[in-house]
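Chain by chain, the residues:
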Amino acid sequence: MSTPPSPLPLGADIELEIGGMTCASCANRIERKLNKLDGVSAAVNYATEKARVSAPAEYDVQDLITVVEQSGYSAVLPASRQDSAAADEDEEREDPELRSLRHRLLGAVLLSVPVIVISMIPALQFTHWQWAALTLTAPVIVWAAWPFHRAAALNLRQGTATMDTLISVGTIAAFLWSLYALFLGSAGEPGMTHEFSLTIGRTDGSANIYLEVAAGVTMFILLGRYFEKRSKRQAGAALRALLDMGAKDVAVRRDGVEIRIPVGELAVGDEFVVRPGEKIATDGVVVSGSSAVDASMLTGESVPVEVGQGDAVTGATVNAGGRLVVRATRVGSDTQLAQMAKMVEDAQSGKAEIQRLADRVSGVFVPVVIAVAVIVLGAWIGAGFPLEAAFTAAVAVLIIACPCALGLATPTALLVGTGRGAQMGILLKGPEVLESTRAVDTVVLDKTGTVTTGTMTLTEAVTAERVDRLELLRHAGAVEDSSEHPIARAIARGAAAEAGPLPVLEDFENLAGRGVRGTVEGRTVLVGRTSLLEGRALPEPLQAALEAAQARGRTAVVVVRDGAADGVLVVADAVKPSSAQAISQFKGLGLSPLLLTGDHRAVAEQIAAEVGIEEVIAEVLPQDKVDVITRLQGEGKVVAMVGDGVNDAAALAQADLGLAMGTGTDVAIEAGDITLVRGDLRSAADAIRLSRRTLSTIKGNLFWAFAYNTAAIPLAALGLLNPMLAGAAMAFSSVFVVGNSLRLRSFRSRALDAPQSSTSAQQPVPAT
């Protein structure tokens, strides 16, 4: 149900959801119609099925919708995101176009396969088989192929031709001629068979039927359209995942009473409570309490941020420590999360339209074939041949040009390529992804969770003189094991891994903003910031280790036992063992790697040096990541982006090719074009290689499909094409296309071609 018209203010941008588009030329047609209106600027995206329109004040929404509908398509305003209940209900409901396409495809398969089998195998042709084939084919042509006929009629009205035109004309011509041969020719006689003849020669025409061509072409083309439509259905999933990431309800304080309400009812100025482990409901300022907030999903910062009274916090980040009371400063569409959702949407709709290779070729191929058929008909009649012979030759041109193998060219290569990719942990989202890999020359890498593990790891333990290192680790680990702070968890894990089982802790105390304290084996142990020293200086070796760690952008904590500073523990986000090898593979593919992160420059440069990246852009906000991608594209570079966090989602959508680590957030995965399930950066190099090879296979399939048609058209025009020879050639072209696609099953990963780098980043380093 469309939204009632509303006035459109001067220069405003409005978004419309477009329905009924079947190829990129449909998007171009709608765009041209809208841009013909005075003062209107429109961009229609076929991949996302949306139109973004800027119009002056004299237009209202209904004016724009009417123009789209007059072009033969549907247009509605997107459901309001404020109406969460309606939006959720809309998301649960399946796309009616996809459901209709699936039903047509299933019906076409069930009815067409028997027709093809019986028509191509003379041994199965029983008495009156041709009438059974007609009975099965009729609903395929009339019902299953209806979208092609509708689009062809629309094209005719607009004075254009697409692949839909050729499919419709070819299948209808094959069906109508079969009706002629059955009712007025000799094809309907009892005992009629289609005998194979591998010779070229003139035939009667009225003794041959083409039902298997009409049914088979419809089935194959529907198969390709279904997979394409299902892939496009995912366009809005990133936005839904992004919005779902926020908290659903919140404990708000009103009139001194704490009550839980839906987040949508939260107002600016409300004070709400955030307990440890809960998501912060909306952007605000801390009124009371202190804690560590994990903001990595939004900022890419690997180290949790310590916050206290007066500090700003962001909605959807996680409270990893103590209890906080926050006053809301921004709600709804004004929050950083909502703004990031808008950025993802803008980046997606701003992508260049994907013009299918088949559509590009058909732009010339279709009109030429139709023109040739008309010329052949006129030439035969003008030469004095009977009308029946002339019509036979003209119909043969249309039938032989009908793209049977073309219907298999893309879906079979895509199915085999994506299937092989899935075995290797690489998920491709659709054919439009493949085209993006051809000219990629720059790969932008997020740091946290992509090049690095994304989790804090104990990397170094430096002890004072005459201090037992393992004992220090055991004592520090025992105290930190009772804390929920991410840095504490890293120390506890690292200590247990190296020093063994941790001893029993007594009298644990959390020192807000400073660290933790407890009694271990009769000794008082404090772990945390240097403020725990209460003005005393660190011994020279420990001070040097502390300053060195901080210079490299790492987090260092001191261990104080019985009032003496006994050690410094260093925690950092460790580099993945495979990252250096992955960078080498990127360079081998001709790609220039660039590290892009919201983390500190010192940290970023240290990580880049470890893995072999020369160019680093650090300390960037989420919105700045999109600007960096856009700037690189403005410099003429074709950019691939690899990331895993919410802060990468908009950049993944803006990039020419987005690769999302499967170990990351759902938002990044949905915004990316390729998902790397294993979380191994080497998979990104494999993904680009597989995508390029799959695209090459599709192009090869399309070439042979069209080459077959082009070579056979002259024979059909001369009336020399035996129908069964044409059928056999069609079958061979289809088998060839499938066989060529199956070669993708031999694709192998290069992840193990070289030994992994022997980084010791995840192992504690002994004191020297």
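See the structure above.
As the structure is a prediction and not an experimental result, all values here were calculated from the model.

Some details on the pairing of strand E21 (residues 564–575)
- E21 sits mainly inside the fold: 11 of its 12 residues count as buried.
- Sheet topology places strand E16 (residues 452–463) next to E21; eight bridges connect them, and they run antiparallel. Across the sheet, residue threonine 452 finds its bridge partner in E21, namely valine 575.
- Pairing analysis gives seven bridges linking strand E20 (residues 555–561) to E21, with the strands arranged antiparallel. Pairing of threonine 555 across the sheet is with valine 571, part of E21.

Considerations on the pattern of salt bridges
- Tallying each qualifying case throughout the model produces 24 salt bridges.
- Here aspartate 283 makes a salt bridge to arginine 330, at a shortest N to O gap of 2.9 Å. Note that aspartate 283 is positioned in strand E8 (residues 283–288) and arginine 330 in strand E13 (residues 324–330), a separation of 47 residues in sequence.
- For aspartate 283, a relative accessible area of 2% gives the class buried.
- Linked through salt bridges whose partners overlap, the residues forming this network are Glu471, Arg523, Arg561, Asp562 and Asp566.

Description of the packing of aromatic side chains
- Considering all chains together, one arrives at three aromatic pairs under this definition.
- Relative to phenylalanine 183, the ring of tryptophan 131 has its centre 5.2 Å away and its plane inclined at 75 degrees; by these criteria the two rings are edge-to-face. One end of the pair, tryptophan 131, is in helix H5 (residues 129–144); the other, phenylalanine 183, is in helix H7 (residues 163–183), with 52 residues separating them in the sequence.
- Judged by relative accessible area, which is 54%, phenylalanine 183 ranks as exposed.
- Relative to phenylalanine 385, the ring of tryptophan 380 lies with its centre 4.8 Å away and its plane at 45 degrees, an arrangement referred to as tilted.

Thresholds applied
Residues numbered from 1 in each chain as written. Predicted model: local features only at pLDDT ≥ 70, side-chain atom pairs only at ≥ 80, totals over all residues. Heavy atoms only, no water. Buried < 20%, exposed > 50% of the residue type's maximum accessible area, 1.4 Å probe, protein only. Helix = DSSP H or I, 4+ residues; strand = E, 2+ residues; numbered from the N terminus. Pairing = 2+ DSSP bridges. Salt bridge = Lys/Arg side-chain N within 4 Å of Asp/Glu carboxyl O. Phe/Tyr/Trp six-rings, centres within 6.5 Å; stacked < 30°, edge-to-face > 60°.

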